[in-house]
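# Summary of structural features
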Amino acid sequence: MKRVIAIADRAALVSLKLLAALNVLFFLSFLIVLLLAGRAHAETATCAGGDLLASLAKSDPTAFKKVEAEAAAVPNGKGLLWKLEKPGERPSFLFGTMHITDQRVTTLPAAAQKAYDGADTVIIETTDALDKAKMMAAMAAEPGLMMFTDNTTLTSLLSPEDAAVLNKGLDARGIPPLTVAKMKPWILSAMVALPACEVARQTAGAPVLDVKLASDAKASGKDVEGLETAVDQLRAMASLPLAYHMKGLVETLKLGDKVNDVNETMIVLYQRGDVGMFWPLFRVVLPDAADEAGYAAFEQTMITSRNKVMVDHAMPILAKGNAFMAVGALHLPGPDGLVEDFRKAGYTVTAVN
C-alpha cells in the first residue's frame, strides 16, 4: 500500500492529528488571534486548500477503501445532529460543531437550524467565549497556563535545527519570534494551525460557529449555559508533557501552507457529517505513528475525559428540557464519545438526518 499523500512530506503527516485535535479547542483560536493581533501582520488571504481524502481516492484507492471501512466501523461516526430523549423530560438535541468562521460551517443544516430555533436553552462548551475581557482576566490569574514564568523560552527547549524551523515559520506568518518567545507551545500551536484566511476573518470580528450560536441565542432571549471554563481547558492542555507540545508546534510549522489542505478536508468531512472519518484518514496518512503514545494521552485528556465532565454538567440543564447542546464534533463519535456517554446516562440518542 502506498504510504503517502502526494502533497505531504513526513513532517506534515505527523502534524495532521494535532491540527484536527486543535479544532476541538474552539476558544483557543480566537483567544490567540486576540493576543497576537498586534504582533502578526494583517492578512487578507483568500482561502485555499485541497481535499486530502479526494486526493487519496485518486492516488491510492486501496488506502482510500481502508479509510472508508474504518470510518464505517466507528460507533456513531455519521451525523452532526442527535436527538436526546428521556422519560419525564422534553427532548433536547446534541449538535457537533467545527470551531471556525467559514460560512459553510456557520450556516446550519436545516434540521439543526429548526432544532436551534425551537430550543429554550443553548449550551456551549464555555460561555467565557462571550466575554473576552472576563476570560483574559481569569487567565491572567494563572499566567503559567499561557506563558513561561521562569527563564525558559521556546527556543531553549529546541535543537538549533528545530529553533530555525520555529523562527522561519513564525516569520512567514508575520509574527516576530522574539515577541512570543515566552509563550507556551500550545498557545502558539492554536494560532499556526489556522489558515491565514481564518485568522483574517477572526481578526475582522467574524465569530466561530459556537460563539455565533450563543450570541444569537442570547440576543433572542434564550438561556445560554456553559459546560466548563476556558481555564479548565488550558489546565488540561498544561497537564500534558511539554515535549509533546513542542513537537506538535514544530511539526505544525513544518506543514506550512499545507495547513490549508487539512482544514479544507475537515470542512468537507464536516459538511458530509462524516465525523467518524477524521481519525481513520489521519491514521492512514501517518506512516509511522511517530508519537502515538503522546497523541493517546492528548485524546484521553482533551476529548474522552472532558466528555465525562460535559455529560455530568449537562444533565441538570437537559433535565429542564428543550435544550440545544453544541460542542466540537470530535466529541461525538466513538465508544467513549458523547453519543454513547448520554446513552449510558439513560438517554435514547437518535441521529437526525
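The model shown is predicted, which means the values in this text are computed figures rather than measured ones.

### Side note on the overall build of the chain
Helix and strand content of the chain: 18 helices and 6 strands. The buried share among the 353 residues of the chain stands at 54%. Long-range contacts, defined as pairs at least 24 residues apart, comprise 86% of the intrachain contacts of the chain with a sequence gap of at least 6. Per element, the accessible surface of the chain, about 14400 Å² overall, is 56% carbon and sulfur.

### A short note on the side chain of Thr-101
On the secondary structure map, Thr-101 appears in the loop between strand E2 (92-97) and helix H6 (103-106). The class for Thr-101 is buried, based on a relative accessible area of 6%. With residues near it in sequence (within four places) discarded, Thr-101 still touches Thr-106, Glu-198, Arg-201, Gln-202, Ala-206, Pro-207 and Val-208.

### Considering the state of the cysteines
Chemically, a disulfide is nothing more than a covalent bond linking the sulfur atoms of two cysteines. On inspection of all chains with the given rule, the structure shows 1 disulfide. The disulfide partner of Cys-47 is Cys-197, and the gap between their sulfur atoms is 2.2 Å. Handedness here is read from the sign of the S-S torsion; for Cys-47 and Cys-197, about 110°, the answer is right-handed. A residue pair is termed long-range when its members are at least 10 positions apart, and Cys-47 in the loop between helix H3 (26-36) and helix H4 (52-59) and Cys-197 in helix H11 (residues 196-203) qualify at 150 residues.

### Some remarks on helix H12 (residues 209-219)
Taken residue by residue, H12 has Leu-209, Asp-210, Val-211, Leu-213, Ala-214 and Ala-217 as its buried positions. Phi turns positive one or two residues past the end of H12, at Gly-221, with a value near 90°.

### Regarding the packing of helix H9 (residues 160-172) against helix H14 (residues 242-255)
It is at 9 Å that the axes of H9 and H14 come closest, and there the two elements cross at 55°. As judged from the angle between their axes, H9 and H14 are oblique. H14 is crossed by H9, and the crossing has left-handed handedness. For the pair formed by H9 and H14, the contact residues are Asp-162, Val-165, Leu-166, Gly-169 and Leu-170 on the first element and Leu-249, Val-250, Leu-253 and Lys-254 on the second.

### Re the packing of aromatic side chains
The final tally for this structure, using the stated rule, is 3 aromatic pairs. Between Tyr-116 and Phe-324, the aromatic rings sit 5.5 Å apart at their centres with planes inclined by 80°, giving edge-to-face as the arrangement. On the criterion of sequence distance, the pair formed by Tyr-116 in helix H7 (residues 110-118) and Phe-324 in strand E5 (residues 323-328) is long-range, its members being 208 residues apart. Phe-324 shares its class with Tyr-116; the two are buried.

### Remarks on the pairing of strand E1 (residues 81-85)
Judged from the 4 bridges that link them, E1 and E2 form a sheet pairing that is antiparallel. For Leu-81, the partnering residue across the bridge sits in E2 and is Phe-95. As judged from the 4 bridges shared by E1 and strand E6 (residues 348-351), these two strands associate in the antiparallel manner. The residue bridging Leu-84 from the neighbouring strand is Val-349, located in E6.

### Some words on the nonpolar core
Ranked by size, the top nonpolar core spans 43 residues in total, and within it Phe-95, Tyr-270 and Phe-324 carry the most contacts. A total of 6 residues in this core trace back to one element, the largest contributor, which is helix H15 (residues 259-272). Excluding anything up to four places from it in sequence, Tyr-270 contacts Leu-80, Phe-95, Gly-96, Thr-97, Met-98, Val-105, Leu-209, Phe-278 and Ala-329. Counting residues in hydrophobic clusters, the runner-up holds 33 residues, among them Leu-158, Ile-175, Trp-186 and Leu-253.

### Regarding the sheet that holds strand E4 (residues 223-226)
The strand order E4-E3-E5-E2-E1-E6 describes an open sheet built from 6 strands, whose pairing is mixed. The open sheet has two free edges, formed respectively by E4 and E6, since each of these has just one partner strand. For this sheet the average axis-to-axis angle between neighbouring strands, irrespective of direction, equals 25°. With 3 bridges connecting them, strand E3 (residues 121-124) and E5 associate as parallel partners. Of the residues in E5, the one forming a bridge with Val-122 is Phe-324.

### Remarks on the environment of Tyr-270
Within the element layout of this structure, Tyr-270 appears in helix H15. Note: C-alpha distance between Tyr-270 and Thr-97 (173 residues apart in sequence) is 8.5 Å.

### Concerning the environment of Gln-202
Tracing the backbone through its elements, the reader meets Gln-202 in helix H11. Along the primary structure Gln-202 and Thr-101 are separated by 101 residues, whereas in three dimensions their C-alpha atoms are 7.2 Å apart. Polar side-chain contacts of Gln-202 include one of 2.8 Å to the side chain of Glu-198.

Calculation rules
- Residues numbered from 1 in each chain as written.
- Predicted model: local features only at pLDDT ≥ 70, side-chain atom pairs only at ≥ 80, totals over all residues.
- Heavy atoms only, no water.
- Helix = DSSP H or I, 4+ residues; strand = E, 2+ residues; numbered from the N terminus.
- Buried < 20%, exposed > 50% of the residue type's maximum accessible area, 1.4 Å probe, protein only.
- Contact = heavy atoms within 4.5 Å.
- Areas by Shrake-Rupley, 256 points an atom, 1.4 Å probe, with all protein chains shown as cover.
- Disulfide = S-S within 2.5 Å.
- Axes fitted to C-alpha atoms, helices over the stretch in contact; angles between N-to-C directions.
- Parallel < 35°, antiparallel > 145°, perpendicular 65-115°, else oblique.
- Left-handed = near helix turned anticlockwise from the far one by under 90°.
- Phe/Tyr/Trp six-rings, centres within 6.5 Å; stacked < 30°, edge-to-face > 60°.
- Pairing = 2+ DSSP bridges.
- Core = buried A, V, L, I, M, F, W, Y, C linked by side-chain atoms within 4.5 Å.
- Polar contact = N/O pair within 3.5 Å; in protein donor to acceptor, adjacent residues only side chain to side chain.

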